[in-house]
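Remarks on the overall topology
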Amino acid sequence: MDQEEQRIMDGSLWADFCDSLKATGEQVLRESAPANVFDRAEGYRYLTRLLRLSLEKNIEFGDPRFPEFYSLSHATAKIGNDNPDNFYQNCAISGRYDYRIRGQRGSVPYLSIETKAGSYGSTGTMAPTGHVELEDLDILDDGSFEILVSATPQSGNWLPMQPESDNMLVRQTFQNRSQESAAQLTIECLNPDGEAQLDPVEFAEQLGRVNGFINGTAGLFIDWMDIFSKHINQLPPNDQQMCLTAGGDPSIYYHNSYWKLAADEALLIEIAELPECRSWNFQLSNFWLESLDYRYHRIHVNKHTARYAEDGSLQILVAHSDPGQNYPNWISTAGHNQGSMLLRYIEASSFPPVKTRVVKFGDL
């Protein structure tokens with residue numbers, strides 16, 4: 001019996017896992033994190049959400065020989081300023097194998113599929129190793145398509161990998177979810193080895209990675225908030241390479257920042273001229289970089305839902321309560337007084353300056 005098997009048998013594997021899970025709570029207590037009961041409770045809820053995601057990533061969907069698409073960010077478990085306009089899908093892969101994706105186009109306006117290397121629990125990054133968009137694909141008249149995924153070049157629809165590639169990220173971006181349909185995707189490994197069944201030693205290794213993902217993810221984005229705290233209530237351009245190495249889309253330009261408002265304050269965001277782009281959106285998130293609850297609150301606006309001035313300029317108002325019809329692009333803080341925010345452009349021709357100012361709500 002090897003060491004991992006012995007740890008399973010004597011219970012030390014589970015005990016070590018529980019001890020490591022307990023230690024992840026120190027992220028919520030970091031000095032730069034908000035020290036109030038509301039944000040701290042959200043922080044602990046955030047860790048429970050990361051636990052759910054990490055169990056799926058590392059155990060339920062962790063075998064690159066028998067891949068399936070799943071979602072590593074959705075309405076009740078979120079990572080890194082997740083986009084409320086997106087449907088995210090993820091998949092375990094390996095540069096050692098070859099894959100085929102079969103899809104049905106649907107009507108979603110934007111879809112990108114990327115291969116990545118690394119994770120927040122291992123390397124601390126998700127380095128890009130391949131990228132393809134709908135416009136790059138040959139799609140049949142019935143809307144169906146196939147994509148070969150491999151580390152060696154292929155003819156036709158091909159998504160590159162590198163030998164170190166170990167995960168895949170799909171972004172489907174909607175203009176209006178109620179009127180558009182998502183692309184339907186399946187994936188298969190073309191040259192798997194072994195059997196699709198539990199291997200005790202492999203399970204021990206998978207369980208050992210679960211808390212690394214939680215700790216790495218929480219720690220990374222608190223580090224980001226430390227950076228963003230240098231420009232509170234402003235929206236300067238992000239370090240784009242920082243976004244890419246954390247899993248960002250190379251077709252997207254990011255403005256990440258930190259917002260903080262007193263009970264009688266609001267944040268007015270103004271852009272004099274929007275660039276030509278496929279789409280843009282602005283969203284509000286909490287301190288832990290989880291988008292605020294878009295199921296019940298208006299916490300984001302995009303190119304197609306925004307109301308513009310006659311001259312084409314844009315005003316967005318972040319406020320604790322509805323300011324009325326003079327501010328149609330009102331974004332609710334959903335009971336928060338601080339957090340992160342993000343303005344993103346997809347395939348923009350330029351990146352105009354963004355003006356922000358804090359105003360008294362009573363003066364609006």
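What counts, and at which threshold
Residues numbered from 1 in each chain as written. Predicted model: local features only at pLDDT ≥ 70, side-chain atom pairs only at ≥ 80, totals over all residues. Heavy atoms only, no water. Helix = DSSP H or I, 4+ residues; strand = E, 2+ residues; numbered from the N terminus. Contact = heavy atoms within 4.5 Å. Buried < 20%, exposed > 50% of the residue type's maximum accessible area, 1.4 Å probe, protein only. Salt bridge = Lys/Arg side-chain N within 4 Å of Asp/Glu carboxyl O. Patch = residues over 30% accessible without salt bridge, like charges linked within 9 Å, V, L, I, M, F, W, Y side chains within 5 Å. Areas by Shrake-Rupley, 256 points an atom, 1.4 Å probe, with all protein chains shown as cover. Axes fitted to C-alpha atoms, helices over the stretch in contact; angles between N-to-C directions. Parallel < 35°, antiparallel > 145°, perpendicular 65-115°, else oblique. Nonpolar A, V, L, I, M, F, W, Y, C, P; charged D, E, K, R; others polar. Pairing = 2+ DSSP bridges.

**Quick look at the environment of S94**
- Within the secondary structure layout, S94 lies in the loop between β1 (86-92) and β2 (99-104).
- Distance from S94 to C243, taken between C-alpha atoms, is 23 Å for residues 149 residues apart in sequence.
- In this structure, S94 is in contact with P64, Y99, M161 and S165, ignoring residues within four places of it in sequence.

**Considering the environment of F61**
- Among the structural elements, F61 can be located in the loop between α3 (37-60) and β1.
- Residue classification places F61 among the buried residues on the basis of a relative accessible area of 19%.
- In this structure F61 touches E56, E68, F69, Y70 and A92, once residues within four positions along its chain are discounted.

**Structural notes on the pattern of salt bridges**
- Tallying each qualifying case throughout the model produces 19 salt bridges.
- Ionic pairing is found between E114 and R171, a salt bridge with its closest N-O pair at 2.7 Å. Residue E114 is located in strand β3 (residues 110-117), and its partner R171 is located in strand β7 (residues 167-173); the two are separated by 57 residues in the primary sequence.
- Take E114: its relative accessible area is 0%, and that puts it in the buried class.
- A single salt-bridge network, built from bridges that share partners, covers R100, R102, E146 and E188.

**Structural notes on unusual backbone geometry**
- Unusually for a residue other than glycine, N81 sits at a positive phi of about 60 degrees.
- Topologically, N81 is positioned in the loop between α3 and β1.
- Overall, the relative accessible area of 2% leaves N81 in the buried class.
- Look at E347: it is not a glycine, yet its phi comes out positive at around 50 degrees.
- Inspection of the secondary structure assignment puts E347 in the loop between β15 (338-346) and β16 (355-360).

**As for a nonpolar patch on the surface**
- On the surface, M1, I8 and M9 cluster together to form a nonpolar patch covering roughly 350 Å² of accessible area.
- If you trace the backbone, M1 turns up in the segment before α1 (3-10).
- When its relative accessible area of 68% is taken as the criterion, M1 is described as exposed.

**Concerning the packing of helix α2 (residues 12-23) against helix α4 (residues 200-228)**
- Contact geometry for α2 and α4: axes closest at 9 Å, N-to-C directions at 10 degrees. Taken together, α2 and α4 sit at an angle that is classed as roughly parallel. Of the residues in α4, those touching α2 at L13, W14, F17, S20 and L21 are F203, A204, L207, V210, N211 and I214.
- In terms of residue class, the contact of α2 with α4 is made up of 9 nonpolar, 2 polar and no charged.

**Describing the sheet that holds strand β9 (residues 252-260)**
- With respect to topology, 4 strands assemble into an open sheet ordered β9-β15-β11-β12, the strand pairing being antiparallel. Among the strands making up the open sheet, the edge pair consists of β9 and β12 (300-302). Pairwise comparison of adjacent strand axes, ignoring direction, gives a mean angle of 10 degrees for this sheet.
- Taken together, the 6 bridges between strand β11 (residues 279-284) and β15 define a ladder with antiparallel strand orientation. Residue F282 lies in a different strand from β15, and its bridge partner there is L343.

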